[in-house]
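The lines below spell out each chain.
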Amino acid sequence: MKFKKKPAVWFWIVAVLLLLWNIMGLLAFLTEAVAPQLMTETFNQEQLDMYNNRPSWYMYNFAIAVFAGTFSCIMLLARKKFAVTLAIFSFLAVLISTGYTVYSGALDLVGMSDKVLFYLVLVFDLILVLFAMFAARKRWIA
């Protein structure tokens, strides 16, 4: 077993912030899974058609992204190296969703705030992967 080094204080701050971000994603997923009408009540007809015609795998991919990301953050806080694997799974799922969203033209149907959120998901998930890999290299997690 590799010995863990004591992480810097900022490790805990970043890990908690990433966990909070991923919990927000988890809540968004649960809202969409349980009460989709809350998400679609402000959609125009074109957005509603796009939403209703998504492929069936899209929600499964969404689930993988948010659950893997959330558990990756929990593993970071527990100082377990499995956080790296989970972060990579989450990032791959986000890349798949991103590709579908761009390819389908769905990004053209939303406002600027939704576009910013769309890109923030990608950026924060990449930060999670890089942060988990950095923590593993520093032996803060093992």
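Anything mentioned here points back to the structure above.
Only a predicted model underlies this, so the values are computations on that prediction, with no experimental measurement involved. (Residues numbered from 1 in each chain as written. Predicted model: local features only at pLDDT ≥ 70, side-chain atom pairs only at ≥ 80, totals over all residues. Heavy atoms only, no water.)

**Q** Run through the nonpolar core, naming residues and quoting values.
**A** Ranked by size, the top nonpolar core spans 18 residues in total, and within it Phe11, Leu76, Leu128, Phe131, Ala135 and Ile141 carry the most contacts. Elements with a minimum of two residues in this core: helix H1 (9-34), helix H4 (57-77), helix H5 (82-104) and helix H6 (112-137). Looking at this core element by element, the count peaks at six residues for H6. When sequence neighbours within four positions are dropped, the list of residues in contact with Ala135 reads Phe11, Leu76, Trp140 and Ile141. Within the second largest apolar cluster, six residues are counted, among which are Leu26, Phe29, Ala63 and Val66. (Core = buried A, V, L, I, M, F, W, Y, C linked by side-chain atoms within 4.5 Å. Buried < 20%, exposed > 50% of the residue type's maximum accessible area, 1.4 Å probe, protein only. Helix = DSSP H or I, 4+ residues; strand = E, 2+ residues; numbered from the N terminus. Contact = heavy atoms within 4.5 Å.)

**Q** Account for H4, naming residues and giving values.
**A** When the terminal C-alpha atoms of H4 are compared, their 30 Å separation across 21 residues agrees well with the 30 Å that a helix rising 1.5 Å per residue should span. A positive phi of about 60° marks Arg79, the residue just after H4. (Expected span 1.5 Å × (residues − 1).)

**Q** Just give me the short version of the side chain of Arg79, but keep the residues and values in it.
**A** By the element assignment, Arg79 lies in the loop between H4 and H5. Despite being buried, Arg79 has no salt bridge partner; Asp125 is the closest side chain of opposite charge, sitting 21 Å away. Polar side-chain contacts of Arg79 include one of 2.5 Å to the backbone oxygen of Lys5. Setting aside residues up to four positions removed in sequence, Arg79 forms contacts with Lys4, Lys5, Lys6, Pro7, Trp12, Trp140, Ile141 and Ala142. (Lys, Arg positive; Asp, Glu negative; His and termini not counted. Salt bridge = Lys/Arg side-chain N within 4 Å of Asp/Glu carboxyl O. Polar contact = N/O pair within 3.5 Å; in protein donor to acceptor, adjacent residues only side chain to side chain.)

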